[in-house]
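Observations on the three-dimensional arrangement
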Amino acid sequence: MRLVLVLDLAFEIFTWILIARFLLSWIPRVDYHHPVVRFIYRATDFVVRPFRGIIPPVGSIDFSPIIMFLVLRLGYSLVRRILVIFVLQWSLGG
């Protein structure tokens, strides 16, 4: 079960990094060359890129991140449930 807890923590941290990325996009004159900002963008770009432009922006607001968060939450929930089932079966010797 430790593996599940570690994955939960990693997913939670990644979610907060994604939130930071989208908050940064609302701040004018962000220094995209700052090491922290570069880390945030590099760490999340592989997830954000496929969802960019799914829904056209309304004004200056991009709603694609909402779809991305829903897909990530649902996907992780499914993976977590499967992992818990495997861990429980393995620990019970079956």
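The shown structure was predicted, so the numbers you read here are calculated from the model rather than taken from an experiment. (Residues numbered from 1 in each chain as written. Predicted model: local features only at pLDDT ≥ 70, side-chain atom pairs only at ≥ 80, totals over all residues. Heavy atoms only, no water.)

Focus: the packing of aromatic side chains
Any pair of aromatic rings gets described here by the distance separating the centres and the angle formed by the planes. Inspection of the entire model under this criterion finds 4 aromatic pairs. On the numbers, 5.8 Å between centres and 40 degrees between planes, the contact of F14 with F46 is tilted. You can see F14 sitting in helix α1 (residues 2-24) and its partner F46 sitting in helix α2 (residues 35-51), a full 32 residues away along the chain. Relative accessible area serves as the criterion here: at 18%, F14 is assigned to the buried category. Seen in terms of ring centroids, F22 and F69 are 5.9 Å apart; in terms of plane orientation they differ by 65 degrees. Their pairing is edge-to-face. Residue F22 is located in helix α1, and its partner F69 is located in helix α3 (residues 64-91); the two are separated by 47 residues in the primary sequence. (Phe/Tyr/Trp six-rings, centres within 6.5 Å; stacked < 30°, edge-to-face > 60°. Helix = DSSP H or I, 4+ residues; strand = E, 2+ residues; numbered from the N terminus. Buried < 20%, exposed > 50% of the residue type's maximum accessible area, 1.4 Å probe, protein only.)

As for α2
The terminal C-alpha atoms of α2, which comprises 17 residues, lie 24 Å apart, in line with the 24 Å expected from a rise of 1.5 Å per residue. Inspection of α2 places V37, I40, T44, D45, V47, V48 and F51 among the buried residues, and these make up the whole buried set. For α2, the elements touching its buried residues are α1 and α3. One or two positions beyond α2, positive phi appears at G53, with a value near 80 degrees. (Expected span 1.5 Å × (residues − 1). Contact = heavy atoms within 4.5 Å.)

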